[in-house]
Structure formats: C-alpha cells, structure tokens
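# Breakdown of the fold
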Amino acid sequence: MPDILLVEDKESLRRVLRLTLENAGYTVTEAADARLALSEIARAPHQLVLTDLRMPNGSGIDVLRAARAADGDVPVIMMTGFGSIDEAVQAMKDGAHDFLQKPVDSNHLLLLVERAFEQTRLRTENILLREEWSRRYGFPRIIGESGAIKSAVGETQRVAQTEATVLLLGESGTGKELFARAVHHLSNRRNKAFVAINCAAIPETLIENELFGHERGAFTGASDRRQGKFELASNGTVFLDEIGELPLAVQGKLLRVIEEKVVDRIGGRATVPFDVRIVAAPNKDLQSAVENGEFLRALFFRLAVFPSEIPPLRKRDDDIILLAKHFAAQIPKELRGREASLSDAALAALRAHNWPGNVRELENAIERACILSDSMVLEPKDLGLADVASSTPEILNGLDLSGSLSDVATRALRFVEPRKIAEALIANEGNKARTAEALGVSYKTLLAKMKDYDL
C-alpha cells in the first residue's frame, strides 16, 4: 500500500492520525518535528506527505519544500489551526496539494488522501509510454499504443513499487531488458546499480564465479578476492537474462541466494549478506524445463512471484509503424546526422511482415535500410524483408480464435485485410489507383481502409 509520511509534533494527535490511516490500509512513517521529517525525506521516498504547518525545529513549509525538491510530484497535505489559514493558502501557492483545518475530521482526511492518490495515479498512468516523463526521470521510454503493450506497461508500473521478484516472459526480441530497466528505474532502488547478466553468454565453468565471486587462492590464478555481480549490485537490481541456461548446480546455489539473502564466494569460509532485487527472463518455457528436469521447481516458483508477459510484435499491429518511424528518426541521426522517412510502399511492407524476431528485427531492418538507402526515403528493397506473399499463410498462426464465430470472423478480417492491401501496394509500387483496381475496390474505399489501418 502507499507509504505516507506523517509529520506532527503532538504525540496524541499523531497517534490518532496514524491509526486512522493504517486502518484505511495505508503504511505510515512518523516524524515528530520538521527536522526529523527532513531526515526521513532524504532517507527514502514517500507517496504522500501529511504535515502540520507550525512545529518545533522548522515548519511545514520547510517539509513541503524538501518533499517537492525530492519528488516534484509527491502530494503534500498541510494541517493548520484556525489562526494560520493565510499561511496555509500561501503553502498551497508553493505547491501543497490541499490543507486540513484542525481539529482534523477523520472522514475528511481520508477523502483528501484518496483524492490525492487518485490524481497522482491519473497523472502518471502509463508513465513508461510518455516521452516527457522519460526525459525528466531518465528511465527508458517504451514505444507503443496497442492494448497489449499498455497492459504490460501497467503491470510493470504496479510491480515496480514493490520488492517482488519479476519473471519477464515473452519471445526473443520483444524488449524484456527494456522492461527490466523500467522496473528498476520506477522502484525505490533507482539510484543504485542495475546489473544485467546474460546467463547464456557466460561459459558454464565461469558462471558461478561471475555471479558470486571468489576468494583469493580459491583456484589456480585467483590471486585476489573478486566480488560477484550480486555483491556489485548491492541495494540495486540484478537482471538475469536467459536464466533457463543456468547449469543445475548453479541453479541450486542461486535458490539459496534468493531464500537466505547471502552469497557464498568460491573458496569462502563465511557467507556475505546482500540486498538486491531480482528480475529474470527465460529464453525457453521454464515450466516445460521443470517437467523435463532441466530447471529446479523450487527456483521457478521463487522467480515467478510476479510473471509478466511481454507481447510479440505481431500482436502489436498498431505499434509497428509507430516503432518504425521512431527508429527511422533516431538511427540515421547517428549514421548521417539527419532523420529518414519511410515511403508508403515501405510502410506497407513493414505492416505486412510477420516479425518473428520482434522489435529487435524491426530495429535491425530500419538500420539496414538507413545504411543501404541512397536517399533518406526508405523503400521496401532497402529493408531486406522476406517476400510478403510467402509469409501470408504463417501470419494466421497469430490469429486469436477465442469468442464466437462472429467475433473470430471480424477479427480475422481486420487481421488479414491490411496485409492484403499492403501486399497489393508493394506489388503496384505504392500506386494507389492501380492498387485499388487490383483489389477490386474503389479508390475512395482504398484510401478509407488505408487510413483505418494506418497504412
């Protein structure tokens, strides 16, 4: 539940306010004066601050300014006596969310707190999709407007505020590391290290040493003590990519690390305590690996506290063009110092492709096109994609067959129609009049469907 910093110098009132908030389900951190409140704000973030205006060792204005300096979006509710209404109004001008007049009415307090959290939720909804927030806070922006990606983003934002272990599921190339970084940057560990480890890229003989480190003399060539990645990520986040490739022996040691929060260095005589959050991503079906004896069942359940599915690009039709235009604007800036654009035929080719390699394949296709293109207008020939017609039957594997026959028929039409139009546009080199004739529809109908499907 959200954490509230309660700042009130009168112990009896502070106790009543704390019990009121805790009974409503909130977590409360107390401070008896402004000085202690400033220390608490510097120590850890809070989702809301409820503070008295007049206190020893400073004032509520000092608390307000410190809280807003630490996080410009944290709501601060001021409590004030009858004689200091003017000061409370001034506090609101300085950024306070609202104020309560003493004696505090419990129902009014809870109403203001609930309203403050609701406004914060609405303001930060889908924060990972907003460019201005990513620039402001420095976390990775996730490009997308489809329902599938918004659902994954919403899950990421909710779990980031907790300490739960996250298991990111999805095909290769869907951007699991991007989501892992998002979990880290939206958590209370954001100012500590994020350490990404590709378990498949490290030889089996070295993976234990890489994760947990070793003591001097532990083996031939170990001339010095070396800390492992878990120690180096102290108080931060460890991302274990392709975790399904870990050897069984190392899986057992990782399970102990997660359960007991200690690391055994190779050759060490004492355990080393540590505190990290773990985000993991498999490159294969872990449940099948468990059944086949290739992955420890206990470790799987430890990792899958919060499983989150990252959707493949073929289920994000609305995002293909959005991502392509984003890459076309960014990649050539690094290569040639200016942005590229995509022709209508290129956009149609991108929309028609099945993208088995997902976002990574799309990014590579745009980079290839930027290198090969003689101009800054990218064409289908520059993209290096497989022939559209040859991929058409395979795309039906991605069709959702749930619901009634009518539901599936409607879904199938919207699934196939844009690809057929794209195929015809490519065959007719983007000429809309010839495309309409080939499809047996009017020019006006073609334009309407192209707009509807964002072709």
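Residues numbered from 1 in each chain as written. Predicted model: local features only at pLDDT ≥ 70, side-chain atom pairs only at ≥ 80, totals over all residues. Heavy atoms only, no water.

Moving on, we get to the overall build of the chain. Secondary structure summary: the chain contains 21 helices and 18 strands in total. Each principal axis of the C-alpha atoms in the chain carries an extent, and together these give about 80 × 70 × 50 Å. Counting all 455 residues of the chain, 46% fall into the buried class. For the chain, the share of sequence-separated contacts (at least 6 apart) that also reach a separation of at least 24 residues comes to 67%. Accessible surface for the chain amounts to roughly 22600 Å². Of this, 49% is attributable to carbon and sulfur atoms. (Helix = DSSP H or I, 4+ residues; strand = E, 2+ residues; numbered from the N terminus. Buried < 20%, exposed > 50% of the residue type's maximum accessible area, 1.4 Å probe, protein only. Contact = heavy atoms within 4.5 Å. Areas by Shrake-Rupley, 256 points an atom, 1.4 Å probe, with all protein chains shown as cover.)

We now examine helix 7 (residues 147–160). End to end, helix 7 covers 20 Å across 14 residues, agreeing with the expected 20 Å (1.5 Å per residue, within 8%). For helix 7, the set of buried residues is Ile149, Ala152, Val153, Gly154, Thr156, Gln157, Val159 and Ala160. (Expected span 1.5 Å × (residues − 1).)

Attention now moves to the sheet that holds strand 9 (residues 194–198). Sheet architecture is open: five strands sit in the order 9-12-15-8-16, paired in parallel fashion. Each of the sheet's edge strands pairs with one partner strand only, and the pair in question is strand 9 and strand 16 (306–309). Neighbouring strand axes in the sheet, compared pairwise and without regard to direction, differ in orientation by 20° on average. In this sheet, strand 16 lies alongside strand 8 (residues 166–169) in parallel orientation, the contact comprising four bridges. Counted as the bridge partner of Val166 is Phe306 from strand 16. Contacts from helix 7 reach strand 8, strand 15 (277–281) and strand 16 within the one sheet, and its direction differs from that of strand 16 by about 155°. (Pairing = 2+ DSSP bridges. Axes fitted to C-alpha atoms, helices over the stretch in contact; angles between N-to-C directions.)

We now examine helix 20 (residues 432–439). The opening residue of helix 20, the one whose side-chain oxygen lies 3.1 Å from the backbone nitrogen of Ala433, is Asn431. Among the residues trailing helix 20, Gly440 stands out with phi positive, at a value near 75°. (Polar contact = N/O pair within 3.5 Å; in protein donor to acceptor, adjacent residues only side chain to side chain.)

With that out of the way, let us pick up the sheet that holds strand 3 (residues 48–52). If you trace the five strands from one edge of the open sheet to the other, you get 2-1-3-6-7, paired in parallel fashion. Strands at the two margins of the open sheet, each flanked by one partner only, are strand 2 (27–31) and strand 7 (98–101). Here the average twist between neighbouring strands, direction ignored, is 20°. Two strands pair when backbone bridges link them, and strand 1 (residues 3–7) and strand 2 are joined in this way by five bridges, in the parallel orientation. Paired with Leu6 across the two strands is Glu30, which belongs to strand 2.

So, about a nonpolar patch on the surface. Among the surface-exposed residues, Leu335, Ile371 and Leu372 lie close enough to one another that they form a single nonpolar patch of about 280 Å² accessible area. The topology assignment puts Leu372 in helix 16 (residues 358–372). (Patch = residues over 30% accessible without salt bridge, like charges linked within 9 Å, V, L, I, M, F, W, Y side chains within 5 Å. Salt bridge = Lys/Arg side-chain N within 4 Å of Asp/Glu carboxyl O.)

Applying the stated criterion across every chain, the model contains 27 salt bridges. The salt bridge involving Arg14 is made with Glu30; its shortest N-O contact spans 2.8 Å. A residue pair is termed long-range when its members are at least 10 positions apart, and Arg14 in helix 1 (residues 11–23) and Glu30 in strand 2 qualify at 16 residues. Residue Arg14 is classed as buried on the basis of its relative accessible area of 12%. Salt-bridge contacts for Lys229 lead to Glu210; the nearest nitrogen and oxygen are separated by 2.3 Å.

Moving on, we come to the layout of surface pockets. Taken as a whole, the second largest pocket encloses approximately 800 Å³ of empty space. Every residue lining the second largest pocket is counted, 31 residues in all, and those nearest its centre are Gly175, Leu178, Phe327, Val359 and Glu363. Among the elements that make up the lining of the second largest pocket, the one with the highest residue count is helix 14 (residues 317–336) (seven residues). (1 Å grid on protein atoms, 1.4 Å probe; cavity = no way out; pocket = protein on both sides within 12 Å on 5 of 7 lines; lining within 4 Å. Points joined across faces, edges and corners; volume = space filled by probe spheres on them.)

In this section: the nonpolar core. Ranked by internal contacts, the top residues of the largest apolar core, which has 32 residues, are Leu211, Phe230, Leu240 and Leu303. Secondary-structure elements contributing two or more residues to this core are strand 9, helix 9 (207–212), strand 12 (237–241), helix 11 (248–260), strand 15, helix 12 (286–291) and helix 13 (297–303). For this core, the element with the most residues is helix 11, which contributes five residues. When near neighbours in sequence (up to four residues on either side) are disregarded, Leu303 contacts Thr165, Val166, Leu167, Ile243, Ile258, Ile278, Ala280 and Phe295. (Core = buried A, V, L, I, M, F, W, Y, C linked by side-chain atoms within 4.5 Å.)

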